[in-house]
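# Structure assessment
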Amino acid sequence: MTAVLELAKEYLGLERGRLAEIVDQTHIPHHVAVPEDVSAATEQRPLDETFCERAATTAEPFGFRDPSAAGLADHPAAEQRGIEAYIGVPVYVDGEQYGTLGFASTDRRADAFSESEETFVRIVAQWAGKEISRRQNRRQAREERQRLRQITDLLPQLVFAKDESGTFI
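Residues numbered from 1 in each chain as written. Predicted model: local features only at pLDDT ≥ 70, side-chain atom pairs only at ≥ 80, totals over all residues. Heavy atoms only, no water.

## A closer look at the overall build of the protein
Counting secondary structure elements, the protein contains four helices and six strands. Across the protein, helices and strands are ordered from the amino to the carboxyl terminus as α-β-β-β-α-β-α-β-β-α. Relative to a compact globule of 169 residues, whose C-alpha radius of gyration would be 15 Å, the protein shows 21 Å and is clearly more extended. Of all 169 residues assigned to the protein, the portion counted as buried reaches 37%. A sequence separation of at least 24 residues applies to 55% of the contacts in the protein between residues at least 6 apart. Here the protein displays about 10300 Å² of accessible surface, and carbon together with sulfur accounts for 49% of that area. Each charge sign in the protein was given a centre, from 20 positive and 29 negative side chains, and these centres are 6 Å apart. (Helix = DSSP H or I, 4+ residues; strand = E, 2+ residues; numbered from the N terminus. Rg over C-alpha atoms; globule rule 2.2 N^0.38 Å. Buried < 20%, exposed > 50% of the residue type's maximum accessible area, 1.4 Å probe, protein only. Contact = heavy atoms within 4.5 Å. Areas by Shrake-Rupley, 256 points an atom, 1.4 Å probe, with all protein chains shown as cover. Lys, Arg positive; Asp, Glu negative; His and termini not counted. Charge placed at Lys NZ, Arg CZ, Asp CG, Glu CD.)

## What to know about the pattern of salt bridges
Under the counting rule described, the total for this entry stands at 10 salt bridges. For Glu 60, the salt bridge goes to Arg 122, with nearest N and O atoms at 3.2 Å. Pair noted here: Glu 60 is in the loop between helix H2 (52-56) and strand S4 (62-64) and Arg 122 is in helix H4 (residues 115-154), with a separation of 62 residues, a long-range link. Given a relative accessible area of 47%, Glu 60 falls into the partly exposed group. (Salt bridge = Lys/Arg side-chain N within 4 Å of Asp/Glu carboxyl O.)

## Here's the deal with the nonpolar core
Membership of the largest hydrophobic core comes to 21 residues, with the highest contact counts inside it found for Leu 14, Leu 19, Ile 87, Leu 101, Phe 103 and Val 121. Those elements that provide at least two residues to this core are helix H1 (2-12), strand S5 (85-93), strand S6 (96-105) and H4. By size, the runner-up hydrophobic cluster in this structure holds 12 residues, among which are Cys 52, Ala 55, Ala 77 and Ile 83. (Core = buried A, V, L, I, M, F, W, Y, C linked by side-chain atoms within 4.5 Å.)

## Focus: a nonpolar patch on the surface
On the surface, Ile 151, Leu 155 and Val 159 cluster together to form a nonpolar patch covering roughly 250 Å² of accessible area. Among the structural elements, Val 159 can be located in the segment after H4. The class of Val 159 is partly exposed, set by a relative accessible area of 47%. (Patch = residues over 30% accessible without salt bridge, like charges linked within 9 Å, V, L, I, M, F, W, Y side chains within 5 Å.)

## Here's the deal with the side chain of His 75
Residue placement: His 75 occurs in the loop between S4 and helix H3 (76-81). Polar contacts involving the side chain of His 75 include one to the main-chain amide nitrogen of Ala 77, which spans 3.0 Å. Non-local contacts of His 75, meaning those with residues more than four positions away in its chain, are made with Asp 48, Glu 49, Thr 50 and Phe 51. (Polar contact = N/O pair within 3.5 Å; in protein donor to acceptor, adjacent residues only side chain to side chain.)

## Describing the pairing of strand S1 (residues 16-23)
Remember that side chains alternate between the two faces of the sheet whenever the strand is regular. Pairing of S1 with S6, which is carried by six bridges, proceeds in the antiparallel orientation. Directly across from Arg 16, in S6, lies its bridge partner Ala 104. Here S1 pairs with strand S2 (residues 26-33) via seven bridges, running antiparallel. Bridge pairing in S2 places Leu 19 opposite His 31. Counting the residues that bridge the hairpin from S1 to S2 gives two residues, and of these Asp 24 lies at a positive phi of roughly 50°. (Pairing = 2+ DSSP bridges.)

## A closer look at the side chain of Arg 45
Its location among the elements puts Arg 45 in strand S3 (residues 45-46). On the basis of relative accessible area, Arg 45 is assigned to the buried category, the value being 8%.

## Some remarks on unusual backbone geometry
The backbone phi angle of Asp 24 is positive, close to 50°, even though this residue is not glycine. Relative to the helices and strands, Asp 24 is located in the loop between S1 and S2. The phi dihedral of Asp 94 falls on the positive side, at around 55°, and the residue is not glycine. With respect to the helices and strands, the residue Asp 94 is situated in the loop between S5 and S6. Take Asp 94: its relative accessible area is 57%, and that puts it in the exposed class.

Listed below in structure tokens is the structure:
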């Protein structure tokens, strides 16, 4: 996931990339690609203190190249963390909104985000949603196998299982 964030931020010409979950109006970064001197990148914070709040409520990518021109100069993310350029989209896992994928920089961009850049961010968000789903399904299957193994280990008699063709497995 971090490698994909690195690739995307390089493509976009931005210095920060983050995949975050949203739980009870809290922004929880799970994967980040940021410069080493950005220590606050993994901190949880209220969603309304991030530009991800806007990205989470739109179907289209939300972005700007200059917070002043976008009317966002007084937003906490611009004032406190110096974010001057941002693009983000919601991330869906199995049809439910999971969180956001966002890229930012403390430098303004010369140009607005292009349609191809917006499409790229959307595709990365779709990939991230499918990857999170795949990981969750794998973890759930592992937990279910472990639970079944515990149950069969506790039974006083032997348990045999057959596959569809009648072969013992």
